[in-house]
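If you want the building blocks of each chain, they are given just below.
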Amino acid sequence: QVQLVESGGGSVQAGGSLRLSCVVSTFVASRNCMYWFRQSPGKEREGIVAIDAEDAGAGKWYADSVKGRFAITQDNAANTVYLEMNNLKPEDTAMYYCAARFGYCRQYPLAARAVDVWGKGTLVTISS
């Protein structure tokens, strides 16, 4: 049963911007730990950003590879999580996955092993 649906992927030139959306259908996003991951062929899945549940302080964690360029946000009314991506680079090319852990984020919030639910992904391609 689909619980997370990503959208917004596409092809963008280096230096451009893109916003990904993750619509959550079966639980309240802001009560849980939400993530974005990405994966390129032959590479390990990489945690990009996480945001904690609101009652845990909504703390955010960013991977060094995207810090200062990407931002995670939420629209609670729409039960939607966003990934704002700026100054995109060719190495950002990947399938991007929304993910969730039920409850609070854990000690290592960008670790895939902590994830309970995955979206199907949306493809982002950055050309040079």
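These numbers come from a predicted model, not from an experiment.

Draft legend 1. Broad picture of the sheet that holds strand β8 (residues 80-85). Taken in spatial order, the four strands make up an open sheet running β1-β3-β8-β7, and their pairing is antiparallel. Each edge of the open sheet is held by one strand with a lone partner, namely β1 (4-7) and β7 (70-75). Neighbour-to-neighbour, the strand axes of the sheet open up by a mean angle of 20°, direction not taken into account. Summarising the sheet, β1 and strand β3 (residues 18-24) pair through four bridges and their orientation is antiparallel. Bridging from a neighbouring strand, Ser7 pairs with Ser21 of β3.

Draft legend 2. Structural detail: the nonpolar core. Membership of the largest hydrophobic core comes to 28 residues, with the highest contact counts inside it found for Leu4, Met34, Trp36, Met85 and Tyr96. Where this core is concerned, the elements lending two or more residues are β3, β4 (33-39), β5 (46-51), β7, β8, β9 (94-101) and β11 (122-127). With nine residues, the next largest nonpolar core counts Phe37, Tyr97, Ala99 and Val115 among its residues.

Draft legend 3. Structural view of the packing of aromatic side chains. Under the definition given, this model contains four aromatic pairs. Judged by centre distance (5.5 Å) and plane angle (45°), the ring pair of Tyr35 and Phe37 falls under tilted. Taking the relative accessible area as the measure of exposure, Phe37 reaches 1% and is therefore buried. An angle of 65° between the planes, with centres 4.9 Å apart, marks the rings of Phe37 and Trp118 as edge-to-face. Of the two residues, Phe37 is situated in strand β4 and Trp118 in strand β10 (residues 117-118); the sequence distance between them amounts to 81 residues. The ring of Tyr97 is capped by Arg45, whose NZ or CZ atom sits 5.3 Å from the centre of that ring. The ring centre of Trp118 lies 4.3 Å from the NZ or CZ of Arg45, which sits over that ring.

Conventions we followed
Residues numbered from 1 in each chain as written. Predicted model: local features only at pLDDT ≥ 70, side-chain atom pairs only at ≥ 80, totals over all residues. Heavy atoms only, no water. Pairing = 2+ DSSP bridges. Helix = DSSP H or I, 4+ residues; strand = E, 2+ residues; numbered from the N terminus. Axes fitted to C-alpha atoms, helices over the stretch in contact; angles between N-to-C directions. Core = buried A, V, L, I, M, F, W, Y, C linked by side-chain atoms within 4.5 Å. Buried < 20%, exposed > 50% of the residue type's maximum accessible area, 1.4 Å probe, protein only. Phe/Tyr/Trp six-rings, centres within 6.5 Å; stacked < 30°, edge-to-face > 60°. Lys NZ or Arg CZ within 6 Å of the ring centre and 35° of its normal.

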